[in-house]
Amino acid sequence: MELAPQSAQSHPDLCVSFEEWTGGRKIVSIGSNAGAQRLPFQGWHHFKEAFAPEVIARAVNESAREVRSCLDPFGGSGTTALACQFLGVEPTTVEVNPYLADLIEAKLSSYDADDLALDLSRVVAAVGSRRRASLARFKNVPPTFIESASQDRWVFNRNVAERIACHLEAIEQLARPTHRRLFKAMLGGMLISVSNVLINGKGRRYRSNWQERDIPPRLVDELFEERTRHAIKEIHAHRMRRHRGYHVLRGTCIEQIAGSKKSDLAVFSPPYPNSFDYTDVYNVELWMLGYLGGKDANRDLRMSTLCSHVQIKREFAPAPKGSRRLNLALGRLARVKGELWSPWIPEMVGGYFHDMAQVMAALHGRLNDRGEIWAVVGDSRYAGIRIQVANILADLAAPLGFEVVKVEPFRSMRSSAQQGGKQELDESLVILRKKG
């Protein structure tokens, strides 16, 4: 956890406003896939599922109480925390994925652009003085990650992996931990671009004709320098935010919420119960940047995430009581269990709402009186059976001490190819208020 200085607040007229950051853009939707141009800092890593920061501005403006602090238990790309800084609200964000936690903190930190440029020149010079580096640092990565004679496919060509190692060694020599974190995030955001894989759908797949893909090592150098120089420009242009403080809490959301300070508002988008393994999506960055020391660390991280998928064997907690809609959906899923692509889907759905009920209960304990939850959630469908996530969460909220302010569907999502890919699943905004 870290709290940055508050100096920008003493000169509000010099601050970059939320509207200046977003450019006053018009968006199609406040949810994921907002249909508008990228904003500064969003290009540091591509997040297809990131929701629009306009939802945070709306929450702050429409909240029943004055909002001075905001909590996001599912930090992800850092949208909530970054938007809060531009809105003058103190952000606290929780993230279980260590790579994403570092990426979020890199966005929220304060820097001197000249110092960053000087350290970038040091990294560029150090990398330029070496043709290759030892691959020993990658000894624990899965065997299919780096080209070798014993494998018939690999994520990175050997010469590319060596250049990545050169950059990591140079970055680790920098004196400032904030600079090391930022440059490492820049490197992480370009790894897929210099790899033989793509990230889409349910995870990672190999590019077409990847064996013929020629990736010159100098491309690693050029992309890193180009991306980092662009990031430094964005940092300098948006350095004076209305609130420069932040808290980044690393670990499981329920445990970290319990230890967080009181907040006026919680804005977040949790994983959807769509069997999408979000840990696997960032598998390349986690392994190549050294966040995972072996199979056990990978498994521990996947086990510590919300029960939203069945890609790893785990004990699913029983479904919570209090929602007739949930009971009906689980009953229907049980009856068609043999038709499902995984027999664990009914248990996963029940475990998902168990976890979400725990999240809401933990938030109730950390929200001030009449504090609100604004959650962007998405429905799912299995064997034609729709899981009405927003309405089920609303059902579960009342016994936990919340009143349901609104359930607002705002976008129809495309269901999975297994369900025909039709536009038939709602993405919704759920607004809950802690009872005073």
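All of these numbers come straight from a predicted model, not from anything done at the bench. (Residues numbered from 1 in each chain as written. Predicted model: local features only at pLDDT ≥ 70, side-chain atom pairs only at ≥ 80, totals over all residues. Heavy atoms only, no water.)

(A) Broad picture of the pattern of salt bridges. Counted under the stated rule, the structure contains 26 salt bridges. With its nearest N and O atoms 3.9 Å apart, the salt bridge here joins Arg 181 to Glu 105. Here Glu 105 lies in helix α4 (residues 98-108) and Arg 181 lies in helix α7 (residues 177-188), a separation of 76 residues in the sequence. As far as burial versus exposure is concerned, Arg 181 and Glu 105 are alike and both buried. The network of salt bridges with common partners includes Arg 58, Glu 62, Lys 406 and Glu 408. (Salt bridge = Lys/Arg side-chain N within 4 Å of Asp/Glu carboxyl O. Helix = DSSP H or I, 4+ residues; strand = E, 2+ residues; numbered from the N terminus. Buried < 20%, exposed > 50% of the residue type's maximum accessible area, 1.4 Å probe, protein only.)

(B) Layout of the side chain of Arg 163. Along the chain, the position of Arg 163 falls in helix α6 (residues 158-172). Here Arg 163 falls in the buried class, since its relative accessible area comes to 5%. Sequence-distant contacts of Arg 163, defined by excluding residues within four places in its chain, comprise Val 127, Arg 130, Arg 131, Arg 132, Pro 217, Val 220 and Asp 221. (Contact = heavy atoms within 4.5 Å.)

(C) Spatial organisation of the pairing of strand β1 (residues 69-72). On β1, burial covers both faces: Ser 69 and Leu 71 on one face and Cys 70 and Asp 72 on the other are all buried. Relative to strand β2 (residues 90-95), β1 runs parallel, the two being bridged by 4 bridges. Each bridged residue has a counterpart across the sheet, and for Leu 71 the counterpart in β2 is Thr 92. When β1 meets strand β6 (residues 263-268), the two strands line up parallel, connected through 2 bridges. When the sheet's bridge partners are listed, Cys 70 is paired in β6 with Leu 265. (Pairing = 2+ DSSP bridges.)

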